[in-house]
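For reference, the chains in residue letters:
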Amino acid sequence: MSNALSKAAAARKALDFIRPGMVVGLGTGSTAAFFIRALGEKVKAGLEIEGVPTSEATAALAREVGIKLADINRLDAIDVTVDGADEIDHDLQMIKGGGGALLRERIVASASHRVIIIADDSKLVDAIGKFPLPVEVTLFGAGLTARRLAEVFSHYGIKGEVRMRPGTPGPGPFLTDNRNVIVDCALESLPEPGRVAHQIEHIPGVVTHGLFLGMADIAIIGSESGTRIIGGQAQA
Ligand code: 5RP
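Residues numbered from 1 in each chain as written. Predicted model: local features only at pLDDT ≥ 70, side-chain atom pairs only at ≥ 80, totals over all residues. Heavy atoms only, no water.

Peer 1: Whenever I open this one, the sheet that holds strand β8 (residues 133-137) confuses me. Can you help?
Peer 2: By definition, the strands of a sheet pair up through backbone hydrogen bonds, in either a parallel or an antiparallel sense. Taking strand neighbours across the sheet as the criterion, the four strands line up as β9-β10-β8-β11 in an open arrangement whose pairing is antiparallel. Either end of the sheet is taken by a strand with one partner, and the two such strands are β9 (160-164) and β11 (206-209). Ignoring which end each strand starts from, the neighbouring axes of this sheet average 25 degrees apart. Where helix α4 (residues 102-110) meets the sheet, it contacts β8, β10 (181-187) and β11, and its direction lies at approximately 70 degrees from that of β11. (Pairing = 2+ DSSP bridges. Helix = DSSP H or I, 4+ residues; strand = E, 2+ residues; numbered from the N terminus. Axes fitted to C-alpha atoms, helices over the stretch in contact; angles between N-to-C directions. Contact = heavy atoms within 4.5 Å.)

Peer 1: Which parts of the structure should I look at to understand unusual backbone geometry?
Peer 2: The phi angle of most residues is negative, glycine excepted, and most peptide bonds adopt the trans form. In this chain, Thr-168 is followed by Pro-169 through a cis amide linkage whose omega measures -5 degrees. A positive phi angle, near 65 degrees, is found at Arg-179, a position not held by glycine. By relative accessible area, which is 58% here, Arg-179 ends up exposed. (Buried < 20%, exposed > 50% of the residue type's maximum accessible area, 1.4 Å probe, protein only.)

Peer 1: Sorry if this is basic, but what is going on with the packing of aromatic side chains here?
Peer 2: Geometry of an aromatic ring pair is reported as the spacing of the ring centres plus the angle between the planes. Considering all chains together, one arrives at zero aromatic pairs under this definition. Seen from the ring of Phe-212, Lys-96 lies directly overhead, with NZ or CZ sitting 5.7 Å from the centre. Over the aromatic face of Phe-212 sits the side chain of Arg-106, whose NZ or CZ is 4.3 Å from the ring centroid. (Phe/Tyr/Trp six-rings, centres within 6.5 Å; stacked < 30°, edge-to-face > 60°. Lys NZ or Arg CZ within 6 Å of the ring centre and 35° of its normal.)

Peer 1: Looking at this structure, how should I read the site of the ligand?
Peer 2: Near the ligand lie 17 residues; those nearest to it are Ser-30, Thr-31, Asp-86, Gly-97 and Lys-123. Lys-123 is positioned such that a nitrogen or oxygen atom in its side chain is 2.6 Å from an oxygen atom of the ligand. Burial of the ligand by the protein amounts to 90% of the accessible area it has alone, namely 380 Å². Its atoms largely coinciding with the cavity grid, the ligand occupies the largest pocket. Residues belonging to the shell around the ligand are distributed by class as follows: two nonpolar, nine polar and six charged. (Near = heavy atom within 4 Å. Polar contact = N/O pair within 3.5 Å; in protein donor to acceptor, adjacent residues only side chain to side chain. Areas by Shrake-Rupley, 256 points an atom, 1.4 Å probe, with all protein chains shown as cover. 1 Å grid on protein atoms, 1.4 Å probe; cavity = no way out; pocket = protein on both sides within 12 Å on 5 of 7 lines; lining within 4 Å. Sits in = over half its atoms within 2 Å of the grid points. Nonpolar A, V, L, I, M, F, W, Y, C, P; charged D, E, K, R; others polar.)

Peer 1: Would you take a moment to explain empty space enclosed by the protein for this structure?
Peer 2: Here the idea is plain: a probe the size of a water molecule rolls over the atoms and shows the empty space left. For the coordinates displayed, the defined rule picks out one cavity of 30 Å³ or more. Size it by volume and the largest cavity reaches roughly 50 Å³. What lines the largest cavity is simply Thr-81, Asp-83, Met-94, Lys-96, Glu-105, Ala-109, Val-115, Ile-117, Phe-212 and Met-215. Counting only elements with at least two residues in the lining of the largest cavity, the list comes to β4 (78-83), α4 and β7 (112-120). The residue inventory of the lining of the largest cavity, partitioned by class, reads six nonpolar, one polar and three charged. (Points joined across faces, edges and corners; volume = space filled by probe spheres on them.)

Structural data, given as C-alpha cells:
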C-alpha cells in the first residue's frame, strides 16, 4: 500500500468517530485532506456537522466539498478534531507544523473534547525529534528569535541546524496564515521534549512550536495491513 492509500485508510476510519450534530475541527495537510474529502461525501449524503478549519487551505477545501464552517469565536468547545502529524510516538507525543498551520492547529486542538490524529505508518516513531521542529515566530526580530532558539538547543546539548523556512516561491520567507514566519529546527536528537518546549515558549517572539505533547487522545495509523488505533479511549 502506498503512503497515500495508508493515509486515506486512516482518514476513512476517523469517520467512525463523527456523529450527527458534531462540531468537527478540521486539520491541515495531505492526510487531513483525505479526511475532509471523505467527510464531505458524508455531508452530501445527509450528515449534518459543522467544521472548524485550521488553515485557509483547509477552509477552502471544506467549502469545496460542501462542509459548513463554524466561526470558532462563537464556540465554547469543539466536539472532535481530526488532524495529521509529522511524527507521532506510542505515547501520542507529536511534532506538527510541517504545513505551517501549527498555531491554528494548536488553538483548535486545545478547544476540542477529543483529538484524533490520522497518519500513515511512516509517521509512527519510537521517539520524536527527527522531523525538523517548526517554530512559528513573529516576523519582527525573527533572526534574533532564531538565535535564541539555537541557544536553547545548545543549552540542552542538542546539535542541529536552525533556519528560516523559505517562501514558495521566494524571495522572502514562508508566511503563515497569521503573517508570521517559521523557523525549522533540524535537530540530531530531542531527549527532553517537554523541557525544551517549556524553554522555547519563554522566548519573546515565539508564537508557538510544533511540539504537541499530551494533546492527542487517539491516533489512527494506516498501513498495508489496514488501520490500528493507539490510545486509551479508542471506542468510537
Ligand atoms: C500542518 C501539519 C500536518 O498535520 C502535518 O504536516 C502532516 O501533514 P501530511 O498529512 O501532509 O503529512 O501539522 O501544519
